[in-house]
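Residue strings, one per chain:
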Amino acid sequence: MNTSTAYIDMEFAGIYGTRQGMQIPIEIGVVIHHPESDTITFAGTAFSRPVDVELWKNVTDDLGKRIEGQRRVFNLASRGQTKNFDKKFHLGADGQREARRIIALVFKDLRTFMRTLNRKDIGTLAFFARRREMETFRDCRIQTDGFIVRDLQDEIRSRFHLREHVSLDRVSLITDIGIMKTSIHSAHFTYTLPEKFRYLIKPHKAIGDAARIFLVDRELSRYPEEFGIQLTGHLREYERRKDSEKSAPDV
């Protein structure tokens, strides 16, 4: 019986010089939960191909609200070397053809990675805002038929009758998710991290976000009333602060 759930997150970047018009997956992270033993296993890979990308990372405040974005330009084959951003740079026709070739190679790498997962006991694929991942799987010709496919962001919005979606950063705050040196925890759960993955498991890295998605689901499924109370309080404070900022006089 396929009882395990694979929590999946992918990170994407724009091909440099296309003003985000061409997108490429740069890494994937997976956390597999085995419910009978309540244990988790990790898998992930960063795609290493010679192409320059432009990556944006959100900077959030203490309520998980985006306050600014940080841009980084680097080559996927040498990630540690950041390049200067030139807003006038435009990737020409030859460069775009080469970029499409590289994207196809990354899609091949992604298909290879997905085949390495132990699918025998995986019955459910879980995401947080699944659209981009599912579109990428479709473009890569990765079959998801036969799996239950969940989107926790949609489930939270529907279950608590929210006007809009909440981000993973915000639900991570309300469930007290933390990533320590040797473990990950939420309000009611703690799991040990395998040494191999400890340096990779952090927010906004694919495998770190897969871990956060897993813990959000644990809290939502096991402690739904407490989750709802914390979410309601968070949203009230979020709206109160937003209204306060709107009414503040200009200096």
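Structure's up top.
Heads up: these notes are all about the structure in this document. Remember, predicted model here, so these are calculated numbers, not experimental data.

Cut-offs applied
Residues numbered from 1 in each chain as written. Predicted model: local features only at pLDDT ≥ 70, side-chain atom pairs only at ≥ 80, totals over all residues. Heavy atoms only, no water. Pairing = 2+ DSSP bridges. Helix = DSSP H or I, 4+ residues; strand = E, 2+ residues; numbered from the N terminus. Right-handed = clockwise from strand over helix to strand, strands pointing away. Core = buried A, V, L, I, M, F, W, Y, C linked by side-chain atoms within 4.5 Å. Buried < 20%, exposed > 50% of the residue type's maximum accessible area, 1.4 Å probe, protein only. Contact = heavy atoms within 4.5 Å. Expected span 1.5 Å × (residues − 1). Axes fitted to C-alpha atoms, helices over the stretch in contact; angles between N-to-C directions. Parallel < 35°, antiparallel > 145°, perpendicular 65-115°, else oblique. Left-handed = near helix turned anticlockwise from the far one by under 90°. Nonpolar A, V, L, I, M, F, W, Y, C, P; charged D, E, K, R; others polar.

This next bit is on the pairing of strand S8 (residues 148-151). The pairing of strand S7 (residues 122-127) with S8 spans four bridges and is parallel. By the bridge assignment, Thr124 is partnered in S8 with Ile148. Read as a crossover between parallel neighbours, the route from S7 over helix H2 (residues 131-140) to S8 is right-handed.

All right, on to the nonpolar core then. Counting residues in each nonpolar core, the largest one holds 36 residues, and the members touching the most others are Ile8, Ile15, Ile24, Ile28, Val30, Leu110 and Met114. Going through the elements one at a time, strand S1 (4-15), strand S2 (23-34), strand S4 (52-60), helix H1 (93-116), S7 and H2 are the ones with two or more residues in this core. Among the elements that line this core, the one with the most residues is H1, at eight residues. Beyond its immediate sequence surroundings of up to four residues, Ile28 is in contact with Ile8, Asp9, Met10, Ala43, Gly44, Thr45, Phe47, Leu110, Phe113, Met114 and Ala206. Ile177, Ile201, Ile207 and Leu231 belong to the second-largest nonpolar core, a separate cluster that totals 30 residues.

Right, let's talk about helix H5 (residues 206-222) for a bit. Within an α-helix, residues lying three or four positions from one another point in the same direction, as the helix has 3.6 residues per turn. Between its first and last C-alpha atoms H5 spans 24 Å; for 17 residues at 1.5 Å apiece the expected length is 24 Å, and the two agree. Among the 17 residues in H5, 15 count as buried, and that is most of the element.

With that settled, consider the packing of helix H3 (residues 152-159) against H5. Contact pair H3 / H5: the axes reach a minimum separation of 11 Å and the direction vectors enclose 30°. It follows that H3 is roughly parallel to H5 by the angle criterion. The two elements H3 and H5 cross, and the hand of that crossing is left-handed. On the side of H3, the interface is formed by Leu152, Ile156 and Arg159, while H5 contributes Ile213, Val216, Asp217 and Leu220. Taken together, the residues of the contact of H3 with H5 sort by class into five nonpolar, no polar and two charged.

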